[in-house]
Amino acid sequence: MTLGVVVFPGSNCDRDVRWAAEGCLGIPTRFLWHEERDLSGLEAVVIPGGFSYGDYLRCGAIARFAPVLQEVVAFAERGGRVLGICNGFQVLTELGLLPGALTRNHNLHFLCEPTDLVVQPGRCSWLQGYGAGEVVTFPIAHGEGRYQAQAEQLRQLDDNGQVVLRYRRNPNGSVGDVAGLSNAAGNVLGLMPHPERACDAATGGIDGQRLLASLLG
Amino acid sequence: MPLFSARVLVSLRPSVLDPAGEATRAAAARLGVDGVSRLRIGKAVDVELEAPDAATARQQLELLSDRLLANPVIENWTLELRDGAAAEA
């Protein structure tokens, strides 16, 4: 079991993910530079938080064209597990692996605080360690985390069990309190909160451990 | 190859809240400019493009606008291909 962590110019949570996976849970991890195309030997890929390519144009808009992500799309289509955290979630929507878009927080604030999330794991392979309706605490750290989708599309996602994480108290104006979404097959998860920052007891809670530990199952 | 000049205007779709526009509208009142009932912020992207003819230039610019400059999930775009601005490179 080896986890790949994508590194763009401007990523800043790549090392946090590595620490959470390898340091806290013993999951072998290797970095994938954005120009790399070799995903051989990987069972899962994380697109971490940060400001890929400076978030120029729109968050995730330039990253979408990175060579490594062309391979990640093919990997996901073959059933490979992909996790996009924060900027990684924005990238997944720009790539079209997840529907909708993330826009500026309704109050314009950069929000950096713990948030309570209600988990509905459904088919999402990343969340099988959590109970339906369980409340977990992960920190958020974003200025553009307000999820947007057409009402009809949101209803379909909801009916299909793809709205796997919701804010208990919506901090940013996301429609439907959406904090995280899974694809229909359940192998791709995108979320604005940071599970990797809730893995080391030295820095707070460890509610995020089970998400990464799903790779060991 | 002829050089074409265009401006692409990108705006948030009317249904999408524009908090930056709302904050700017509030500042307008503080400046003493009352009566601003609507203020939405978008982007203007100026592009120069070489293409064999105007039809090809338009097709390339539309692709660029729809697939890169705007995200159609949340944004609309309009393309102004400058009439008579085509010049030999």
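Structure report, in brief. Nothing here was measured: the structure is a model prediction, and the numbers come from that model.

**Things to note about the overall build of chain A**
Thought 1: For chain A, the helix and strand inventory stands at five helices and eleven strands.
Thought 2: At 15 Å, chain A has a C-alpha radius of gyration in line with the 17 Å of a compact globule built from 217 residues.
Thought 3: Taken over the C-alpha atoms alone, chain A extends approximately 40 × 35 × 30 Å along its principal axes.
Thought 4: Restricting to contacts in chain A with at least 6 residues of sequence separation, those with at least 24 account for 72%.
Thought 5: As displayed, chain A offers around 8,300 Å² of accessible surface, 51% of which is attributable to carbon and sulfur atoms.

**Topic: the interface of chain A and chain B**
Thought 1: At the junction of the two partners, chain A supplies 16 residues and chain B supplies 15 residues.
Thought 2: Taking both sides of the interface into account, the surface hidden between chain A and chain B amounts to around 1,300 Å²; carbon and sulfur atoms contribute 59%.
Thought 3: The tally of links between chain A and chain B comes to one salt bridge.
Thought 4: A salt bridge links Glu 75 of chain B to Arg 58 of chain A; its shortest N-O distance comes to 3.7 Å.
Thought 5: One can count six residue pairs in polar contact (both at pLDDT 80 or more) joining chain A with chain B.

**Describing the environment of Arg 197 of chain A**
All names here are of chain A.
Thought 1: Residue position: Arg 197 is located in the loop between strand E11 (188-191) and helix H5 (209-213).
Thought 2: For Arg 197, a relative accessible area of 30% translates into the label partly exposed.
Thought 3: In this structure, Arg 197 is in contact with Cys 13, Asp 16, Pro 139, Ala 141 and Thr 203, ignoring residues within four places of it in sequence.

**A few points about the pattern of salt bridges**
Residues and elements named next belong to chain A.
Thought 1: Per the stated rule, a full pass over the model turns up 16 salt bridges over all chains.
Thought 2: In this structure, Arg 18 and Glu 22 form a salt bridge, with 3.1 Å as the shortest nitrogen-oxygen distance. Here Arg 18 and its partner Glu 22 are both found in helix H1 (residues 14-24), four residues apart, which amounts to about one turn of the helix.
Thought 3: Under the relative-accessibility criterion, Glu 22 is labelled partly exposed at 32%.

**Things to note about the nonpolar core**
Thought 1: Core analysis: the biggest nonpolar cluster contains 66 residues, and Leu 69, Leu 83, Leu 127, Tyr 147 and Leu 189 of chain A have the highest contact counts within it.
Thought 2: Among the elements that take part in this core, helix H2 (residues 67-77) of chain A stands out by supplying six residues, more than any other.
Thought 3: Counting residues in hydrophobic clusters, the runner-up holds 13 residues, among them Ala 6, Val 10, Val 47 and Ala 57 of chain B.

Conventions we followed
Numbering of residues begins from 1 in every chain and follows the order in which that chain's sequence is written. Starting at A for chains and at 1 for ligands, labels are handed out in the order in which the entities are written. Per-residue local features are limited, in this predicted model, to residues with pLDDT of at least 70; the limit for side-chain atom pairs, both in listing and counting, is 80 or more; totals at the level of whole chains, interfaces and linings are taken over all residues. Computation of side-chain values: all heavy atoms of the structure, hydrogens and water removed. Helix and strand labels come from DSSP, where a helix needs a run of H or I of at least four residues and a strand needs a run of E of at least two; each type is numbered from the N terminus. The globule rule is 2.2 Å times the number of residues to the power 0.38, and the radius of gyration it is compared with is taken over C-alpha atoms. Throughout, a contact is declared for two residues whenever any of their heavy atoms are within 4.5 Å. Only the protein chains shown count as covering a residue, and every accessible area follows the Shrake-Rupley method with a 1.4 Å probe. Two parts lose some accessible area (1.4 Å probe) when they are put together, and adding that loss for both gives the buried area. The working definition used for a salt bridge is a side-chain nitrogen of Lys or Arg within 4 Å of a carboxyl oxygen of Asp or Glu. Side-chain atoms alone can form a polar contact between residues adjacent in sequence; in general such a contact is a pair of N or O atoms within 3.5 Å, and within protein one must be able to donate a hydrogen while the other accepts it. The buried label goes to any residue with under 20% of its type's maximum accessible area, the exposed label to any with over 50%, and the partly exposed label to all in between, with areas taken from a 1.4 Å probe on protein chains only. Here, the term nonpolar core denotes a set of buried Ala, Val, Leu, Ile, Met, Phe, Trp, Tyr and Cys residues that are joined through side-chain atoms within 4.5 Å.

Purely spatial values, then, with no claim about function.
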